[in-house]
Amino acid sequence: MEQVIIMGGGPAGVSAALYARRGGLDPLLIHHGPGALAKAECIENYYGLERPLTGLELYERGLSQAKALGIRILEAEVLEIGGFDTFEVKTTAGDFETVSVILATGSKRLTPDIKGVKELEGRGVSYCAICDAFFYRGKQAAVLGNADFALHEAELLSQTGVGVTILTDGKPAEFSRKTDLPVLTGKVLSVEGTEKVTGVLLEGSEEPLLAEGIFVALGNAGSAEIARQMGAELNEKGNIKVDDQMSSTIPGLYAAGDCAGGLLQVAKAVHEGAVAGLSAVKYVKRKK
Ligand SMILES: Cc1cc2nc3c(=O)[nH]c(=O)nc-3n(C[C@H](O)[C@H](O)[C@H](O)COP(=O)(O)OP(=O)(O)OC[C@H]3O[C@@H](n4cnc5c(N)ncnc54)[C@H](O)[C@@H]3O)c2cc1C
């Protein structure tokens, strides 16, 4: 059983790991490469930088620092977190049980620029299979995405009795395992429907593919998707709702950095990571 699993290797996740480690825990940090920092050409407004660094340099320094302190780092994608008293973290590298979890996956809810997606959100377009699968039992639905997260969502729908097709929207299917579910790789031109989703039009097809639900699952599972799957509350902006100890509405589940909303800056992510790390230390010690 792990004491704390930290999901995210950016400023918030690494800071959480450093404080949890210094607080006496043996954290496991799981990340899937750089997040927002990969896009930052130049960071010069963070404390202690005598010359600007690229976002990637800062990211690599953070991970090296964590490794130097003996923090265990696993490169994998977290697909789902479940459990009641303790948490079960499902990843592309296996499953782990843990007493507490810190979500630090940055801010991301990838919305595809496809006609009909924004307009039909909440009326057939969903971002969470586990939340909404039930409504589509016995119906046809499509999952939009080409990586393991999309496959995971499609399998969940299929297990719930939904007839599901995966649409990769012109991208190659990059699943790490085989699937019997139908996969269509054509470009998606539009999500059809006026009041509710009725289908999806693919390039080269005259008739839309029949689908009453479209589940968007682009890229990785983000914190908001995972938190929502777990039943944690989100705020009105769709970020994870946290208190001043970075605790979510689920005991033992914390969130820090961009995924908690507010100022999207390294300094704020590092601060919140530190608070979340210390909160996890107190929680794990109380649970002993
Ligand atoms: C173009 C640009 C320029 C910027 N410039 C500045 C600047 O000059 N100064 C400044 O202070 N800030 C800047 N920022 C903002 C800064 O990069 C972010 O605020 C900061 O990186 C947030 O840290 P974080 O740890 O919350 O998230 P991120 O840095 O986004 O890290 C998220 C981590 O979560 C991991 N992850 C996500 N999903 C999964 C999953 N399913 N499984 C496992 N791991 C997962 C990712 O792999 C990554 O390691 C900039 C951002 C951008 C985009």
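These numbers were taken from a predicted model, which means no experiment stands behind them.

**Regarding the overall build of the chain**
In step 1: A count of helices and strands for the chain gives 6 helices and 15 strands.
In step 2: Relative to the compact-globule value of 19 Å for 288 residues, the chain shows a C-alpha radius of gyration of 20 Å, a close match.
In step 3: With respect to the principal axes defined by its C-alpha atoms, the chain has extents near 60 × 45 × 35 Å.
In step 4: The burial tally for the chain puts 47% of its 288 residues in the buried class.
In step 5: Considering only contacts in the chain between residues 6 or more positions apart, those separated by 24 or more positions represent 59%.

**Section: the domain arrangement of the chain**
In step 1: One can read the domain layout of the chain as domain 1 (2-108 + 221-287) and domain 2 (125-216).
In step 2: Using only C-alpha atoms to locate each centre, domain 1 and domain 2 end up separated by 30 Å.
In step 3: Of the residues lining the interface, 8 residues belong to domain 1; the matching set on domain 2 comes to 8 residues.
In step 4: Residues of the side of domain 1 that touches domain 2, tallied by class, amount to 2 nonpolar, 2 polar and 4 charged.

**Focus: the sheet that holds strand β8 (residues 140-144)**
In step 1: With parallel pairing, the 5 strands of this open sheet are ordered in space as β7-β14-β8-β9-β10. With one partner strand each, in any of the chains shown, β7 (125-126) and β10 (183-184) form the two edges of the open sheet.
In step 2: Judged from the 5 bridges that link them, β8 and strand β9 (residues 163-167) form a sheet pairing that is parallel. Its bridge partner being in β9, A141 is matched across the sheet by V164.
In step 3: Along the sheet face, helix α4 (residues 148-159) touches β8, β9 and β14 (213-216) and points at about 170 degrees away from the line of β9.

**Focus: the packing of helix α1 (residues 11-22) against helix α2 (residues 55-68)**
In step 1: Axis separation between α1 and α2 bottoms out at 10 Å; the angle between their running directions is 15 degrees. It follows from the interaxial angle that α1 and α2 lie roughly parallel. When the axes of α1 and α2 are compared, the crossing they make is left-handed. Contacts between α1 and α2 involve P11, V14, A17 and L18 from the former and G62, L63, Q65 and A66 from the latter.
In step 2: Split into classes, the residues belonging to the contact of α1 with α2 amount to 6 nonpolar, 2 polar and no charged.

What counts and how
- Residues numbered from 1 in each chain as written.
- Predicted model: local features only at pLDDT ≥ 70, side-chain atom pairs only at ≥ 80, totals over all residues.
- Helix = DSSP H or I, 4+ residues; strand = E, 2+ residues; numbered from the N terminus.
- Rg over C-alpha atoms; globule rule 2.2 N^0.38 Å.
- Buried ≥ 20, exposed ≤ 12 C-beta atoms within 10 Å, placed from the backbone.
- Contact = placed C-beta atoms within 7 Å.
- Domains from an automatic or database assignment.
- Nonpolar A, V, L, I, M, F, W, Y, C, P; charged D, E, K, R; others polar.
- Pairing = 2+ DSSP bridges.
- Axes fitted to C-alpha atoms, helices over the stretch in contact; angles between N-to-C directions.
- Parallel < 35°, antiparallel > 145°, perpendicular 65-115°, else oblique.
- Left-handed = near helix turned anticlockwise from the far one by under 90°.

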